[in-house]
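Per-entry structural report
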Amino acid sequence: MPLLSPYRVVELSSERTAFCGQVLRDLGAAVITVEPPGGSDARRFAPYLDDEPDVERSLFWWSYNRDKRSLGLDISQPDGRAVLERLLDRADFLIEGVDPDRRAALGLDAPTLADRFPKLIAASITPFGTDGPKAGYRGGEMVTLAASTLLSTWGDADRPPVRMAVPQAYEHAGAEAAVGCMVALTERAASGLGQHVEATAQTALTFATQCTSMSGLWEAGNFFRFGGGFKFGPLAVRAVSPCKDGYVCAGLFFGTAIGPPTNRFMKLICDSGFGDDSMREKDFITYIGPLLSGEEPISEFDRCQDAVTAFCAAHTRAEMEAFSVEHDLLIDAVRTTEDLITEPQLVAREYWQTSEPVGLARAIQVPGPFAKFSSTPLTIEGRAPTIGEHSTAVLTELGFDEAEQHDLATRGVVEGVA
Amino acid sequence: MSRETSATALAGVKVLDTSWALVGPAAMRVLADFGATVVKVESSTRIDPVRAGPPFWKGEPGPERSSNVINYNVNKRMIQLDLSNEQAREVLLQLVDWCDIAIESFVPGVMERWDLHDEALRKRKPDLIMISTCLNGQTGPDRTGAGYGTGGAARAAMIEVLGWADRDPSLARAYTDYTASRMVTIAALAALDHRRRTGEGQYIDLSQVEASIPFIAPAVLDYTVNGRVRRRNGNREPGAAPNGVYPCQGEDRWIAIELRTQEEWAALCGVAGQDWESDARFRTLADREQHLDALDAAISAWTADQVDHDVESALQRAGVPAHAVLDSLDGGNDAQLQHVRHFVEIESSDLGTIPVERTRQRLSRTPSDPRWVGTYGEDNDYVLRELLGLDDAAIAEIAASGALE
């Protein structure tokens, strides 16, 4: 039995909740995703099947709603909220991303939930939080990346900061919320009580800065973006280089752990005729000291980096990774999404799973479980639901008879009832 | 230094953390912040690589001054064990007997060499939850590849999609350390709950690349469904226009703006005092997406001589998603991060009172409570004496063997 199979999750579906709900689903929890009339906003994100925008064709939706059940329900209507309450009576988790100014009206503010559903673990995923000076701010990917300081560290020095071409904000925030849900679940086993769990895109992305967001508080100086690398004081360290057939991550790094492979890399470069004897003599374990003190001119380090660039440009990605294995270096080729599908490592580990989405006559490959559990392996079974695909089944489970379901559907309270 | 935390959520949970660098330590710090007892094993014979990583306290490099170590080892008990020493491995086995969850992040093969691999440990303690986390996983042709999160981002197709279409890719530093670390924490606690209910332990093999690919799943599906290989594309996002970063007054100051609805567009035009709504190029989302360069130029001309925070306030008041692009020095001054106490001060044995990040989960009843960060081997005595119940003679013998280095 999968890990979380005893537990039930109610998700008020949105862009914000999708990833978190998917994590809990992948772990085996039963997830009912509640969609407003017309379907979740998570169905309105590109890319789309054949690039035709449609609520049943969003690949964002397909990605993060596998094996969830969909209930079409208008919780802005009192009867809709009554259905939601019946769902929550049986639920262990609520995952929602409702804006702070709408929470109380929907009965979703933390005190109301705690009073009415004392065992419920209720997770909120918002851009900035349910309270505080920016709680009312509108924001998605760009806004929260900007507010986290992460965006300022990405891109080229001579251009504006730049984002990743795949949304990240609510993936990070959703993962943090899932962590919070697991902490609260562990705690509930002792106390018998649920609680409110908050995660925000701003703080989740701030964590991903690798501590540079603390630079001001640490009086450590600003951290500037620098194309294909990072800037540390006077040093501009390049880490991504073009090679014959793409790019590789191959740089000159310092310290006791990463210095030794750098020394081996420099030796290889010199042995191959791309560097000279003075480069060969550098000891990258301690090299940062003289560079920062000024004893060694930065231009000398840049000369070494130029040798790296020339060496990479003369080889393919496969050749560079073969060097890495042979000489125990830290070189990784930059993969594309196309490369991932045939990546021998992922294929050998049977990472890719198949899914058969509605509207497509063939099975597609989708990412598999995020970890291998020896006693309770995770399985990815199916596909994302259509709007209200499970409305009838869910309402029946809740005890609504056919006439009641028909009545709710007629009044626009539920969607998808057969 | 006090080792008191008021956190209770995970009180009684015992964790043995032999991981290094970022993924494992950051994942286990969350448990420590919520009250678990986490014993962090380090060795002076094998210095953690991130001790060389900036930012450093007050900008001065030093292995005790790296945020990459301080920030991810809060509330832990620090013990030094040189696992190449047999006595040290004996202590480690006693810690295995003591703990609920053990985590390691050695290159696959190292634990086998020491006979500390999952099979041996779970034979000794069948209900152990053992986590191995490395770049590529414990099996497969690339299993022994040593790695770090920049290489992980390369392997997970994340670097390929970061940057400008006409330029080489940018770099997200050790990005997959951050995507993967949450999945480690989730896996550990889900397995702990399973054990509580069933008594069954398990081994968790977490490849940082595999745990990170879900973060770009829509781009993967774009390939497996549409056959399109996603490339970096600047700040362009289908379905949103304007969507980008625009210059403001001052050096390297910017405002991020992202619009999906017509209402937001009308509001932005109102704030800007511009007649863009009647400009045929900018009327609808489809129009704007057809004229992105002209749109970006128009927005930039409007923002260029304004103060970033003023534009942010004016646009947000009108319901337009916008935010100043905070730089690394701005983080500590952000009013919302201050409100949620994202940065808190703790006591460091090496550095005194210092700010660190808090865990990102706010729990209403049983919040996290980060308090301290220790230094090398500072809790040796506590761990050996209080947790393992060893006496003076036994501890002296272990120390004399060189195990505690």
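Here goes a summary of the coordinates provided. (Residues numbered from 1 in each chain as written. Chains lettered and ligands numbered in written order. Predicted model: local features only at pLDDT ≥ 70, side-chain atom pairs only at ≥ 80, totals over all residues. Heavy atoms only, no water.)

Residue and element names in this part refer to chain A. Read across the open sheet, the 3 strands follow the order β10-β11-β12; overall the sheet is antiparallel. Of all strands in the sheet, those with a lone pairing partner are β10 (240–243) and β12 (332–333), marking the two edges. Summarising the sheet, β10 and strand β11 (residues 246–249) pair through 4 bridges and their orientation is antiparallel. Bridge pairing links Cys243 to Gly246 in β11. Docked against the sheet, helix α12 (residues 298–313) engages β10 and β11, running at close to 35° with respect to β10. Where helix α13 (residues 317–327) meets the sheet, its contacts fall on β10, β11 and β12, and the angle it forms with β11 comes to roughly 20°. (Pairing = 2+ DSSP bridges. Helix = DSSP H or I, 4+ residues; strand = E, 2+ residues; numbered from the N terminus. Contact = heavy atoms within 4.5 Å. Axes fitted to C-alpha atoms, helices over the stretch in contact; angles between N-to-C directions.)

Further remarks concern the pattern of salt bridges. Applying the stated criterion across every chain, the model contains 78 salt bridges over all chains. Between A:Asp92 and A:Arg188 there is a salt bridge, and its shortest N-O distance comes to 2.9 Å. With A:Asp92 in the loop between α3 (78–89) and β4 (93–96) and A:Arg188 in helix α7 (residues 169–191), the pair connects residues that are 96 residues apart, well separated along the chain. When salt bridges with common partners are traced through the structure, they connect A:Glu321, A:Asp332, A:Arg335, A:Glu343, B:Asp142 and B:Arg155 into a single cluster. (Salt bridge = Lys/Arg side-chain N within 4 Å of Asp/Glu carboxyl O.)

Turning our attention to the interface of chain B and chain A. Counting residues at the interface gives 154 residues for chain B and 147 residues for chain A. Taken over both partners, the interface formed by chain B and chain A buries close to 13300 Å², and the fraction arising from carbon and sulfur atoms is 61%. Linking A:Glu219 and B:Lys58 is a salt bridge whose minimum nitrogen-to-oxygen distance equals 3.1 Å. Of all the elements, helix α7 (residues 175–198) of chain B adds the most residues to the side of chain B that touches chain A, at 17 residues. When its residues are assigned to classes, the side of chain B that touches chain A shows 77 nonpolar, 41 polar and 36 charged. Summarising the sheet, strand β6 (residues 196–200) of chain A and strand β12 (residues 362–363) of chain B pair through 2 bridges and their orientation is antiparallel. By the bridge assignment for β12(B), A:Val197 is matched with B:Leu363. (Buried area = accessible area lost by both parts, 1.4 Å probe. Nonpolar A, V, L, I, M, F, W, Y, C, P; charged D, E, K, R; others polar.)

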